[in-house]
Amino acid sequence: MRQLKVAVIGCGNVAPVHLAAATTNPSAQLIAVCDTKEERAKKASQKYGAPYYTDYNEVLALKPDLIHVCTPHHRHAEITIAAANKGIHTLTEKPMAVTLHDADRMIQAARDQNVTLGVIFQNRYNLSSLAVKEAVTSGALGKVLGGRLFVTWLRDDEYYSKSDWKGTWDMEGGGVLIDQAIHTMDLMQWIMGPIDSLEGSIRNRTHDIIHVEDVAEATVFFKNGAIGSLYACNFYSYDADVFLEVHGENGVARLEKDKAVIRIKGLPEKVVYAEGDREVIGKSYWGVSHKIQIDEFYADVLANRPVKIDGVVGRKALEFVRAIYYSGTHDGELVQFPFAEPKGFTPPSLTRR
Ligand SMILES: NC(=O)c1ccc[n+]([C@@H]2O[C@H](COP(=O)([O-])OP(=O)(O)OC[C@H]3O[C@@H](n4cnc5c(N)ncnc54)[C@H](O)[C@@H]3O)[C@@H](O)[C@H]2O)c1
């Protein structure tokens, strides 16, 4: 069996789920780990048994078949494009980039070099998410009328003080939307269908040490006529269960954290859990499906097949986020999709108010 030579760039919080998948999949051989912080790279090297590097260019020079990008958001584009230019496939963590311009450069580089670009949105693989999607696409829910999304978590000043890149426009690319809510926003637009337009607002209500949004609201108009409501904040008193509900003419399909509840007129209520009997790797609030997406990515690359969540698909969630940033800093202006993000658009610094 042909084995993919893989490397993991960035050995912080999320890296263990990638490293665990890379070292347990028989189709992959981990040939390098890399972090600019040497002690992190060294620790990962000792635990997962691959040499370590502190410069990703040295890793690319080893000619891996594929790299996992687990770095801060502003590095995703640079590393992915450098890899593509050397003929190396990339699986990058969400969000694929900080701006749509960078996302487009990544997509173009992968196309030009004929390599695969995948973006992690592991929650699409949860059995609960799939059940809600199926309730819509099968027609069981009937015409989709509306939807609502709530992500109300807690990321306080202490959380931000521990990171050298979070809570910034240039490195994280924002706050609660681009980091925490993006997963559920991805599910909302995947399940409810393409977005036609939206109006949004963003504020920093509680944080002194960051100048990005800690709360966002939006009214989302879908092409199928449904209207969605979004509320996300990271100053709630705890990490409340993520909530996404789709309302159709025949009933409702709802995700509550890792459980789907589907109620359709005339049918018994259906409950589906995210993991089924799958093995859980990584923190539970990240979901259970990283390994499933990574295994599928390896299999698709080996078979030279398109991947489900490629750059174009991964870009949609970023477009959703960036459109709210634009509307939220332009008096709630209605933003039409596709969102023609002005080149160089960066929201202004948001002080607490
Ligand atoms: N899918 C999920 O559920 C999930 C969960 C957590 C984090 N993430 C994503 O994973 C990515 C990393 O997040 P994290 O929480 O692990 O961050 P982190 O800060 O804990 O780790 C990032 C690591 O990258 C290293 N790094 C920075 N620049 C580098 C470079 N040029 N080359 C090599 N290493 C470099 C840093 O030193 C750090 O150790 C982000 O995109 C984040 O949004 C996804």
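Residues numbered from 1 in each chain as written. Predicted model: local features only at pLDDT ≥ 70, side-chain atom pairs only at ≥ 80, totals over all residues. Heavy atoms only, no water.

**Looking at the overall build of the protein chain**
Part 1 of the argument: The number of helices and strands found in the protein chain is 10 helices and 15 strands.
Part 2 of the argument: Across its three principal axes, the protein chain shows a C-alpha extent of roughly 55 × 50 × 40 Å.
Part 3 of the argument: Within the protein chain, buried positions represent 57% of all 353 residues.
Part 4 of the argument: The contacts in the protein chain between residues at least 6 apart in sequence include a share of 68% that link residues at least 24 apart.
Part 5 of the argument: For the protein chain, the accessible surface area stands at approximately 15,200 Å², while carbon and sulfur atoms represent 50% of it.
Part 6 of the argument: The average position of the 40 basic charges and that of the 44 acidic charges among the side chains of the protein chain differ by 3 Å. (Helix = DSSP H or I, 4+ residues; strand = E, 2+ residues; numbered from the N terminus. Buried < 20%, exposed > 50% of the residue type's maximum accessible area, 1.4 Å probe, protein only. Contact = heavy atoms within 4.5 Å. Areas by Shrake-Rupley, 256 points an atom, 1.4 Å probe, with all protein chains shown as cover. Lys, Arg positive; Asp, Glu negative; His and termini not counted. Charge placed at Lys NZ, Arg CZ, Asp CG, Glu CD.)

**Examining the packing of aromatic side chains**
Part 1 of the argument: One pass over the structure, following the stated rule, counts six aromatic pairs.
Part 2 of the argument: Ring plane angle 55° and centroid distance 5.4 Å describe the contact between tyrosine 326 and phenylalanine 339, whose orientation is recorded as tilted. A residue pair is termed long-range when its members are at least 10 positions apart, and tyrosine 326 in helix H10 (residues 311–328) and phenylalanine 339 in the segment after strand S15 (335–336) qualify at 13 residues.
Part 3 of the argument: On the basis of relative accessible area, tyrosine 326 is assigned to the buried category, the value being 15%.
Part 4 of the argument: Classification of phenylalanine 339 by relative accessible area gives buried; the value is 7%.
Part 5 of the argument: With a centroid separation of 5.2 Å and an interplanar angle of 70°, the aromatic rings of tyrosine 326 and phenylalanine 345 are classed as edge-to-face. Taken as a pair, tyrosine 326 in helix H10 and phenylalanine 345 in the segment after S15 lie far apart in primary sequence, 19 residues in all. Residue tyrosine 326 shares its accessibility class with phenylalanine 345, and that shared class is buried.
Part 6 of the argument: Cluster of aromatic residues (ring-pair linked, three or more members): Tyr326, Phe339 and Phe345. (Phe/Tyr/Trp six-rings, centres within 6.5 Å; stacked < 30°, edge-to-face > 60°.)

**Digging into the packing of helix H8 (residues 176–192) against H10**
Part 1 of the argument: Taken N-terminus to C-terminus, the directions of H8 and H10 make an angle of 120°; their axes are 8 Å apart at the nearest point. Classified by the angle between their axes, H8 and H10 sit oblique to one another. Our pair here, H8 against H10, has a crossing hand that is right-handed. Only Lys316, Ala317, Leu318, Phe320, Val321, Ile324 and Tyr325 of H10 make contact with H8, whose side of the interface consists of Leu177, Ile178, Ile182, Met185, Asp186, Met188 and Gln189. (Axes fitted to C-alpha atoms, helices over the stretch in contact; angles between N-to-C directions. Parallel < 35°, antiparallel > 145°, perpendicular 65-115°, else oblique. Left-handed = near helix turned anticlockwise from the far one by under 90°.)

**Some points on the site of the ligand**
Part 1 of the argument: Lining the immediate surroundings of the ligand are 23 residues, of which Asp35, Arg40, His73, Lys94 and Trp165 lie closest.
Part 2 of the argument: Between the ligand and histidine 76, the relevant distance is 3.2 Å, taken from an oxygen atom to a side-chain nitrogen or oxygen of the residue.
Part 3 of the argument: Residue lysine 94 places a side-chain N or O atom 2.8 Å away from an oxygen atom belonging to the ligand.
Part 4 of the argument: Here the shell around the ligand is built from residues that sort into seven nonpolar, 10 polar and six charged. (Near = heavy atom within 4 Å. Polar contact = N/O pair within 3.5 Å; in protein donor to acceptor, adjacent residues only side chain to side chain. Nonpolar A, V, L, I, M, F, W, Y, C, P; charged D, E, K, R; others polar.)

**Remarks on the nonpolar core**
Part 1 of the argument: The biggest cluster of nonpolar side chains holds 74 residues, and the ones touching the most others in it are Met96, Leu177, Met185, Phe320 and Ile324.
Part 2 of the argument: At 11 residues, the largest contribution of residues to this core is made by H8.
Part 3 of the argument: Counting contributing residues, this core receives three or more from each of domain 1 (4–122) and domain 2 (124–278 + 311–336).
Part 4 of the argument: Those residues in contact with isoleucine 324 that lie beyond four places of it in its chain are Leu177, Met185, Leu198, Gly200, Ser201, Ile202, Glu217, Ala218 and Leu230.
Part 5 of the argument: By size, the runner-up hydrophobic cluster in this structure holds 25 residues, among which are Leu4, Ala15, Ala22 and Tyr298. (Core = buried A, V, L, I, M, F, W, Y, C linked by side-chain atoms within 4.5 Å. Domains from an automatic or database assignment.)

**A short note on the pairing of strand S9 (residues 215–222)**
Part 1 of the argument: Direction of pairing for strand S8 (residues 195–203) relative to S9: antiparallel, over a ladder of eight bridges. Looking at the pairing, glycine 200 lines up with alanine 218 of S9.
Part 2 of the argument: Both S9 and strand S10 (residues 227–233) contribute to a ladder of seven bridges, which runs antiparallel. Opposite alanine 216, over in S10, you have alanine 232 as the bridge partner.
Part 3 of the argument: A loop of four residues connects S9 with S10, the two strands running antiparallel in sequence, and glycine 225 in this loop sits at a positive phi of about 95°. (Pairing = 2+ DSSP bridges.)

**Quick word on the pattern of salt bridges**
Part 1 of the argument: For the coordinates displayed, the defined rule picks out 19 salt bridges.
Part 2 of the argument: Its salt-bridge partner being arginine 105, residue aspartate 102 comes within 3.0 Å of it at the nearest N-O pair. Placement of both aspartate 102 and arginine 105 in helix H5 (residues 100–113) is noted, with a separation of three residues, approximately one turn of the helix.
Part 3 of the argument: For aspartate 102, a relative accessible area of 18% puts it in the buried group.
Part 4 of the argument: Notably, a salt bridge pairs aspartate 295 with lysine 291, separated by 3.1 Å at the nearest N-O pair. Here aspartate 295 pairs with lysine 291, and both are found in helix H9 (residues 290–303), just four residues apart, close to one helical turn.
Part 5 of the argument: Classification of aspartate 295 as partly exposed rests on a relative accessible area of 25%.
Part 6 of the argument: For lysine 291, a relative accessible area of 22% corresponds to the partly exposed category.
Part 7 of the argument: Three or more residues joined by partner-sharing salt bridges are found here, namely Lys94, Lys166 and Asp179. (Salt bridge = Lys/Arg side-chain N within 4 Å of Asp/Glu carboxyl O.)

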